Amino acid sequence: MTTAQTLLADWSERTGIAVEVWTPLAGELGTDGMGEALGAILAAVEEGAPPPVVCVALTTGVRGARLTVSHDDVGESWPVDRLKAVKEAFRRAGGRVSVNGVAGGGLTVSGVLPWAVLKG
């Protein structure tokens, strides 16, 4: 299994996009859950007009885990097929997601995933 820290560090090294982690992402990522959702978001970020920095936060609550990824890129928006891939990854994991543009540029993706998709 891959940890969130490993996934983000490898992705950052490969793409040259810095990653700020707002909360510790502990534990392993299940390939059918959190890992797939995070991977879909990172692929969408990379395929669009890549920003210099991506911020990632994972918070937990009664319903499960909330994964939030945001950046302030003022370039193009994500390709439609990537948006669909992100939404489908969350749906398959039993969660829900919203993708919102930020005034002046940038994007925030925030989704809730049930506890069952978290490992470790």
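Bear in mind that the values here come from a model prediction, so they are computed numbers and not experimental data.

Caption draft 1: Structural view of helix α2 (residues 34-47). Its 14 residues give α2 an end-to-end C-alpha distance of 20 Å, which sits within 8% of 20 Å, the value for a rise of 1.5 Å per residue. In terms of residue burial, α2 counts as a mostly covered element, since 11 of its 14 residues are buried. Here α2 has its buried residues at M34, G35, E36, A37, L38, A40, I41, L42, A43, A44 and V45.

Caption draft 2: Summary view of the sheet that holds strand β4 (residues 53-60). The strand order across the open sheet built from 5 strands is β2-β4-β5-β7-β6, with neighbouring strands paired in mixed fashion. Unpaired on one side and paired on the other, β2 (18-21) and β6 (96-101) mark the two borders of the sheet. Between one strand axis and the next, the sheet turns through 15° on average, direction left out of account. Bridge analysis of β4 against strand β5 (residues 65-71) gives 6 bridges, and the strand direction is antiparallel. If you follow T59 over to β5, its bridge partner there is R66. Contacting β4, β5 and β7 (107-113), α2 crosses the sheet at an angle of about 10° to β5.

Caption draft 3: View of the pairing of β6. When β6 meets β7, the two strands line up antiparallel, connected through 6 bridges. Residue pairing in the sheet places N100 in a bridge with T108 of β7. Taking the residues that link successive antiparallel strands as the turn, the β6-β7 hairpin has 5 residues, and the phi of G104 there is positive, at about 90°.

Caption draft 4: The arrangement of the pattern of salt bridges in detail. Applying the stated criterion across every chain, the model contains 4 salt bridges. In this structure, E46 engages R14 in a salt bridge whose closest nitrogen and oxygen atoms are separated by 2.7 Å. One end of the pair, E46, is in helix α2; the other, R14, is in helix α1 (residues 4-15), and 32 residues separate them in sequence. Here E46 falls in the partly exposed class, since its relative accessible area comes to 30%. Taking the shortest distance from any N to any O, the salt bridge between E88 and R91 comes out at 2.4 Å. Placement of both E88 and R91 in helix α3 (residues 80-92) is noted, with a separation of 3 residues, approximately one turn of the helix. By relative accessible area, which is 28% here, E88 ends up partly exposed. Judged by its relative accessible area of 52%, R91 falls in the exposed class. Each of the salt bridges in this network shares a partner with another, and the network as a whole consists of E36, E88, R91 and R92.

What counts, and where the lines are drawn
- Residues numbered from 1 in each chain as written.
- Predicted model: local features only at pLDDT ≥ 70, side-chain atom pairs only at ≥ 80, totals over all residues.
- Heavy atoms only, no water.
- Helix = DSSP H or I, 4+ residues; strand = E, 2+ residues; numbered from the N terminus.
- Expected span 1.5 Å × (residues − 1).
- Buried < 20%, exposed > 50% of the residue type's maximum accessible area, 1.4 Å probe, protein only.
- Pairing = 2+ DSSP bridges.
- Axes fitted to C-alpha atoms, helices over the stretch in contact; angles between N-to-C directions.
- Contact = heavy atoms within 4.5 Å.
- Salt bridge = Lys/Arg side-chain N within 4 Å of Asp/Glu carboxyl O.

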